[in-house]
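Residues per chain are reported as follows:
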Amino acid sequence: MKIDAVELRVLKMRLLKPFRTSFGVQQDRYPLLVRLEIDGRSHWGECVAGEGPWYSYETVETAWSILKGYLIPSILGRELRDVAALEALFLPVRGHRMAKACIEMAFTAALAEAARKPLSRYLGGVRDRVETGVSVGIQATVDELLDTMANHLQEGYRRIKVKIEPGWDVDVIAAIRQRYPEATLMADANSAYELDDAAHLTELDRFGLLMLEQPLAAGDLVDHAALQRQMRTPICLDESIEDARSARHAIQLGACRVMNIKPGRVGGFAEAQRIHDLAQAASIPVWCGGMLETGIGRACNVALATLPGFRLPGDISASDRYWAEDIIDPPFTLQRGGTIGVPTRWGLGVRVRVDLVERLTVRQETVR
Ligand code: NPG
């Protein structure tokens, strides 16, 4: 299979509600899309890099530059038998896994289509619907948070994740627990704490949280292991799991009891599967996180979440949790039991609304 051209686009999309984490507030999202041209057909992918280097060193700008300058030229016009061939050509580029992932995922969807399989089945998925949760940003007041939660629970979401940071943590979780003693609840700190905060974080143990996600710095597996030894609540790593190697190290050190795998963060489906397999072998449950994707990235996340080790609900909410209008048709909707249906069409499985993509585009370039 040969990639004849790659089109890069940045869209500007307004979130229905601003999303606040310990990094800051996000109102507009600028998704970077790629469109691979293979034998006259289009195959879309989405890069999850953010606007600034907060969650990761990668940004929309760095991804664009690395894609255009290095990754795309290394693959254009070459015969690529499989994903391993593509990965081998990307290997000399250090890091930049978000930039690599969007091409890898679009290419894998193209391979699935050529094999006449839905992406989920092509990856080895075993489910036709995936359980979803919802991630709730930091709110101005606890009452607002409780109201937002009430709405999401009523919509049918089964698991609620709340963002925490110093000053918005133990008391907030206590208030939620008082109102919703039974809710499946977890907290995500996005690296907002230090190991010195261990005694404070341990207070979270009394709330029966499903997990505490990424309390300490990305890459700090040693401190996470020390914290996990002190806490009953399972620690889940997200930013720290950059690739299969860091996943292996996290397991060896006992740095976590759960992993969040985002294919768009770790370099694509193949690396995500390797992490999944390592976690499976170590009996560590995994789930699929989200990066406020459009329907294109969401379709990739849904497909990955059908693998057997994805035993916990993901941050794969319905399109209408993020966007007034998603760029795919039909949009993802929340269905019975708080699940999302897995597309059954071959390849990516969703139709991209090219006219809408055109209208939202703020930057575009084709590399041949
Ligand atoms: O539902 O897509 C979603 C958002 C889930 O909380 C979520 N994502 O830290 O995992 C995270 C966080 C995030 C969003 C990180 C955007 C970076 C960018």
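On a predicted model such as this, the values are computed, not experimentally measured, just so you know.

Colleague: For this particular structure, what's the right way to read the domain arrangement of the protein?
Modeller: In many reports, interface size means the accessible area that the parts give up when they come together. We note that the domain assignment places domain 1 (5-117 + 351-367) and domain 2 (122-341) within the protein. A straight line from the C-alpha centre of domain 1 to that of domain 2 covers 23 Å. Contacts between the two partners involve 38 residues from domain 1 and, on the opposite side, 44 residues from domain 2. Approximately 3600 Å² of surface area, both sides summed, lies buried where domain 1 meets domain 2, with 63% of it carried by carbon and sulfur atoms. For the interface between domain 1 and domain 2, the tally reads five salt bridges. Only β2 (13-21), β3 (24-29), β5 (41-47), α2 (83-90), α3 (97-114), β16 (351-352) and α13 (354-360) provide two or more residues apiece to the side of domain 1 that touches domain 2. At nine residues, the largest contribution of residues to the side of domain 1 that touches domain 2 is made by α3. Its residues assigned to classes, the side of domain 1 that touches domain 2 shows 22 nonpolar, five polar and eleven charged.

Colleague: Please explain the packing of aromatic side chains as it appears in this structure.
Modeller: Any two aromatic rings considered together are summarised by their centre-to-centre distance and by the angle between their planes. With the rule as written, the count across this model stands at two aromatic pairs. Plain terms: the ring middles of Phe23 and Tyr55 are 6.2 Å apart, the flat faces sit at 85° to each other, and that makes the pair edge-to-face. Here Phe23, found in the loop between β2 and β3, pairs with Tyr55, found in the loop between β5 and α1 (60-75); they are 32 residues apart in sequence, far enough to count as distant. When its relative accessible area of 31% is taken as the criterion, Phe23 is described as partly exposed. With 6.3 Å between their ring centres and 35° between their planes, Tyr322 and Trp323 make a pair best called tilted. Judged by its relative accessible area of 2%, Trp323 falls in the buried class.

Colleague: Looking at this structure, I do not really get the sheet that holds strand β10 (residues 212-213). What am I missing?
Modeller: Pairing between the strands of a sheet comes from backbone hydrogen bonds, and it takes one of two forms, parallel or antiparallel. Taken in spatial order, the seven strands make up an open sheet running β7-β8-β9-β10-β11-β12-β13, and their pairing is parallel. Two strands in the sheet have a free side with no partner beyond their single neighbour: β7 (133-136) and β13 (286-288).

Colleague: Explanation requested: the site of the ligand in the structure shown.
Modeller: Around the ligand, 14 residues are found, and the nearest of them are Ser135, Asn190, Lys262, Leu292 and Tyr322. Between the ligand and Lys262, the relevant distance is 2.8 Å, taken from an oxygen atom to a side-chain nitrogen or oxygen of the residue. In this structure, an oxygen atom belonging to the ligand sits 3.3 Å away from a main-chain N or O atom of Met291. Among the residues forming the shell around the ligand, the class breakdown is five nonpolar, three polar and six charged.

Colleague: How should the pattern of salt bridges be read in this particular structure?
Modeller: A side chain with one charge can pair with a side chain of the opposite charge if their charged atoms come near. Under the definition given, this model contains 25 salt bridges. Across the pair Arg363 and Glu61 runs a salt bridge whose closest N-O atoms are separated by 3.5 Å. With Arg363 in strand β17 (residues 361-367) and Glu61 in helix α1, this residue pair connects regions lying 302 residues apart in the sequence. Using a relative accessible area of 32% as the deciding quantity, one classes Arg363 as partly exposed. Glu61 gets classed as exposed once you look at its relative accessible area, which sits at 52%. In this structure, Glu325 and Arg353 form a salt bridge, with 2.9 Å as the shortest nitrogen-oxygen distance. Taken together, the residues Glu325 in the loop between α12 (295-304) and β14 (328-329) and Arg353 in the loop between β16 and α13 connect sequence positions 28 residues apart.

Colleague: Would you mind going over empty space enclosed by the protein with me for this structure?
Modeller: Rolled over the atoms, a probe with the dimensions of a water molecule shows which regions are left empty. Across all of its chains, the model carries two cavities of 30 Å³ or more by this definition. Reported here for the largest cavity is a volume of approximately 50 Å³. Taken together, Pro118, Leu119, Ser120, Ala299, Ala303, Val342, Pro343, Arg345, Gly347, Leu348 and Gly349 make up the full set of residues lining the largest cavity. Mapped by element, the contributors of at least two residues to the lining of the largest cavity are α4 (119-123) and α12. Here the lining of the largest cavity is built from residues that sort into seven nonpolar, three polar and one charged.

Colleague: Sorry if this is basic, but what is going on with the packing of α3 against helix α11 (residues 269-281) here?
Modeller: Taken N-terminus to C-terminus, the directions of α3 and α11 make an angle of 100°; their axes are 8 Å apart at the nearest point. Our classification of the angle between α3 and α11 gives roughly perpendicular. Facing Arg97, Glu104, Met105 and Thr108 of α3, the residues of α11 in contact are Phe269, Ala270 and Glu271. Of the residues assigned to the contact of α3 with α11, the class counts are three nonpolar, one polar and three charged.

Colleague: Please explain the sheet that holds β17 as it appears in this structure.
Modeller: Across the sheet, which stays open at both edges, the four strands sit in the order β5-β4-β1-β17 with antiparallel pairing between neighbours. Looking at the sheet topology across the chains shown, the edges are occupied by β5 and β17. Neighbour to neighbour, the strand axes of the sheet diverge by 20° on average, direction disregarded. Bridge count for strand β1 (residues 5-11) against β17 is six bridges, and the pairing is antiparallel. Of the residues in β17, the one forming a bridge with Glu7 is Thr366.

Colleague: Explain the packing of α1 against α3 here, please?
Modeller: Running from amino to carboxyl end, α1 crosses α3 at an angle of 50°, the nearest separation of the two axes being 9 Å. One element, α1, and the other, α3, form an angle in the oblique class. In this structure, α1 crosses over α3, and the sense of that crossing is right-handed. Judged by residue contacts, Ala63, Ile66, Leu67, Leu71, Ile72 and Ile75 of α1 engage Ala99, Lys100, Cys102 and Ile103 from α3. Residues that form the contact of α1 with α3 fall into these classes: nine nonpolar, no polar and one charged.

About the criteria used
- Residues numbered from 1 in each chain as written.
- Predicted model: local features only at pLDDT ≥ 70, side-chain atom pairs only at ≥ 80, totals over all residues.
- Heavy atoms only, no water.
- Domains from an automatic or database assignment.
- Contact = heavy atoms within 4.5 Å.
- Buried area = accessible area lost by both parts, 1.4 Å probe.
- Salt bridge = Lys/Arg side-chain N within 4 Å of Asp/Glu carboxyl O.
- Helix = DSSP H or I, 4+ residues; strand = E, 2+ residues; numbered from the N terminus.
- Nonpolar A, V, L, I, M, F, W, Y, C, P; charged D, E, K, R; others polar.
- Phe/Tyr/Trp six-rings, centres within 6.5 Å; stacked < 30°, edge-to-face > 60°.
- Buried < 20%, exposed > 50% of the residue type's maximum accessible area, 1.4 Å probe, protein only.
- Pairing = 2+ DSSP bridges.
- Near = heavy atom within 4 Å.
- Polar contact = N/O pair within 3.5 Å; in protein donor to acceptor, adjacent residues only side chain to side chain.
- 1 Å grid on protein atoms, 1.4 Å probe; cavity = no way out; pocket = protein on both sides within 12 Å on 5 of 7 lines; lining within 4 Å.
- Points joined across faces, edges and corners; volume = space filled by probe spheres on them.
- Axes fitted to C-alpha atoms, helices over the stretch in contact; angles between N-to-C directions.
- Parallel < 35°, antiparallel > 145°, perpendicular 65-115°, else oblique.
- Left-handed = near helix turned anticlockwise from the far one by under 90°.

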